[in-house]
Amino acid sequence: MGGTIHVENVIKTFKGNVQAVKGVSFDIGDGEFFAFLGPNGAGKSTTVQMLTTLIKPTSGQLTVAGFDVRKDPEKVRLEIGVALQETGIDPDLKGIELLEFQARLFGFSKKSARIRAEELLELVGLTEDADRLSGKYSGGMRRRLDLAMTLVHQPKILFLDEPTTGLDPSNRQTIWKEIKRLNKEEGTTIFLTTQYLEEADQLADRISIINKGEIVATGTTNELKRTFGFDAIFLQFETEEQAQKAHYATNHLGRNVELVKNELTIFAENGTTLLVELIRLLGDQQLYPTTLNVQPPSLDDVFIQVTKEQEKEGVAYE
Ligand SMILES: Nc1ncnc2c1ncn2[C@@H]1O[C@H](COP(=O)(O)OP(=O)(O)OP(=O)(O)O)[C@@H](O)[C@H]1O
């Protein structure tokens with residue numbers, strides 16, 4: 001079973017009949033790096049809280065590392081590490097003390113707790129700050145300490161809820177590097193929620209996007225981009241008049257054509273194939289752009305597309 005997660009038809013209704021999660025299902029394999037994305041209020045935290053045994057589902061099944069979260073929450077807790085948005089670090093304790101304390105909670109002897117604490121401080125680059133009060137740590141240092149705390153008992157699955165929010169690029173890179181290492185070298189299953197789509201794009205094997213309590217897309221980043229994203233062909237003309245003419249000549253191409261002053265953007269499933277026809281059509285009208293480039297879809301485009309389409313049409317993709 002290892003670090004697997006199985007979620008089937010899970011519903012969570014809060015008091016006041018707020019249905020935060022509406023029949024969500026997904027599977028995560030042992031050692032997989034999974035990113036869970038969605039707009040604010042989509043149901044990400046609620047799902048994470050159910051998986052980490054902090055709240056109970058209204059109905060449906062959640063199995064983490066082979067254990068049912070409802071029947072065996074204690075067993076689940078021993079297999080997982082959880083770093084939530086709010087760090088629960090006591091500011092009046094030193095970095096090393098916090099880690100030793102955490103290790104003792106997981107049954108380490110005094111001596112082995114000290115050794116484990118030192119190992120972890122080294123791992124997250126905080127050895128030199130071991131004896132400083134954690135309350136004096138910077139935001140980035142606190143996040144690294146928080147990550148170290150979740151690793152004390154070598155969990156099979158790590159839940160990371162927005163681990164890099166508010167961090168500068170260099171601290172973000174440090175955290176990314178460590179999470180990547182844990183996943184690739186130690187085979188830790190990672191469940192990541194993040195508002196940085198670029199982070200999910202670079203790190204995750206697979207992504208699910210949740211919107212209004214329902215999963216609207218699941219796949220590798222490439223699959224999602226192929227299915228939901230469009231290439232953007234960007235053209236710039238010398239004058240607005242030329243751009244208007246070009247707009248008129250190419251209006252039927254692609255999915256959508258946008259004109260802003262002397263710039264034209266054509267969105268299409270396969271932009272490179274369309275280029276030949278586009279250049280022919282423009283040539284027929286003696287229209288020659290001063291700039292032309294094709295941009296592949298980004299995960300941002302996918303995100304906007306799947307969360308927007310569902311709002312408009314109530315369509316659910318999977
Ligand atoms: N304890 C609660 N009682 C009532 N409603 C709740 C509770 N917790 C969450 N909700 C509601 O459930 C919905 C989903 O919230 P959730 O926190 O899971 O979203 P999220 O995707 O994590 O959002 P964010 O990105 O803003 O953290 C929201 O409408 C929220 O207001």
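Residues numbered from 1 in each chain as written. Predicted model: local features only at pLDDT ≥ 70, side-chain atom pairs only at ≥ 80, totals over all residues. Heavy atoms only, no water.

### What about the side chain of K225?
This is how the line gets drawn: Secondary structure counts use DSSP, requiring at least four H or I residues in a row for a helix and at least two E residues in a row for a strand, with both numbered from the N terminus. Here a polar contact is recorded for every N or O atom pair within 3.5 Å, except that within protein the pair must consist of a potential hydrogen donor and a potential acceptor, and residues adjacent in sequence are included only if both atoms are side-chain atoms. Whether two residues touch is decided by their heavy atoms; if any such pair falls within 4.5 Å, the residues are in contact.
Residue position: K225 is located in helix α8 (residues 221–228). Side chain to side chain, K225 and D201 meet in a polar contact 3.2 Å long. Here K225 is in contact with D201, P297, S298, L299 and V302, once residues within four sequence places are set aside.

### Concerning the site of the ligand
Put simply, the rule is: Near is defined per residue: the residue qualifies when any heavy atom it owns lies within 4 Å of the molecule or strand. Every accessible area reported is derived by Shrake-Rupley at a probe size of 1.4 Å, with residue values counting cover from the shown protein chains alone. Note that Gly is not counted as nonpolar here; it falls among the polar residues with everything else outside the nonpolar set of Ala, Val, Leu, Ile, Met, Phe, Trp, Tyr, Cys and Pro and the charged set of Asp, Glu, Lys and Arg.
Taken together, F14, V18, A20, P39, N40, G41, A42, G43, K44, S45 and T46 make up the full set of residues near the ligand. Interatomic distance of 3.3 Å between a side-chain N/O atom of N40 and an oxygen atom of the ligand. Here an oxygen atom of the ligand and a side-chain polar atom of K44 are 2.8 Å apart. When isolated, the ligand has an accessible area of 640 Å², and the protein chains bury 59% of it. Mapped by element, the contributors of at least two residues to the shell around the ligand are β2 (18–28) and α1 (44–51). Looking at which element gives the most residues to the shell around the ligand, the answer is α1, with 3 residues. Residue composition of the shell around the ligand, grouped by class: 5 nonpolar, 5 polar and 1 charged.

### Considering the pairing of strand β1 (residues 5–14)
We apply this condition: In this scheme, strands are said to pair when DSSP sees at least two bridges between them.
Relative to strand β4 (residues 59–64), β1 runs antiparallel, the two being bridged by 5 bridges. Of the residues in β4, the one forming a bridge with H6 is T63. As paired elements, β1 and β2 share 8 bridges and run antiparallel to each other. By the bridge assignment, F14 is partnered in β2 with V18.

### Points about the sheet that holds β1
If you trace the 4 strands from one edge of the open sheet to the other, you get β2-β1-β4-β5, paired in antiparallel fashion. Every interior strand has two partners, whereas the edge strands, β2 and β5 (67–68), have only one. Note that β4 and β5 share 2 bridges and pair antiparallel. Across the sheet, the residue bridging to T63 is D68, located in β5.

### As for the domain arrangement of the protein chain
A common way to state how big an interface is: give the accessible area lost once the parts meet. Put simply, the test is: Here the bounds of each domain stem from an automatic or database domain assignment.
Looking at the assigned domains, one finds that the protein chain contains domain 1 (5–225) and domain 2 (230–296). Here the C-alpha centroids of domain 1 and domain 2 sit 44 Å apart.

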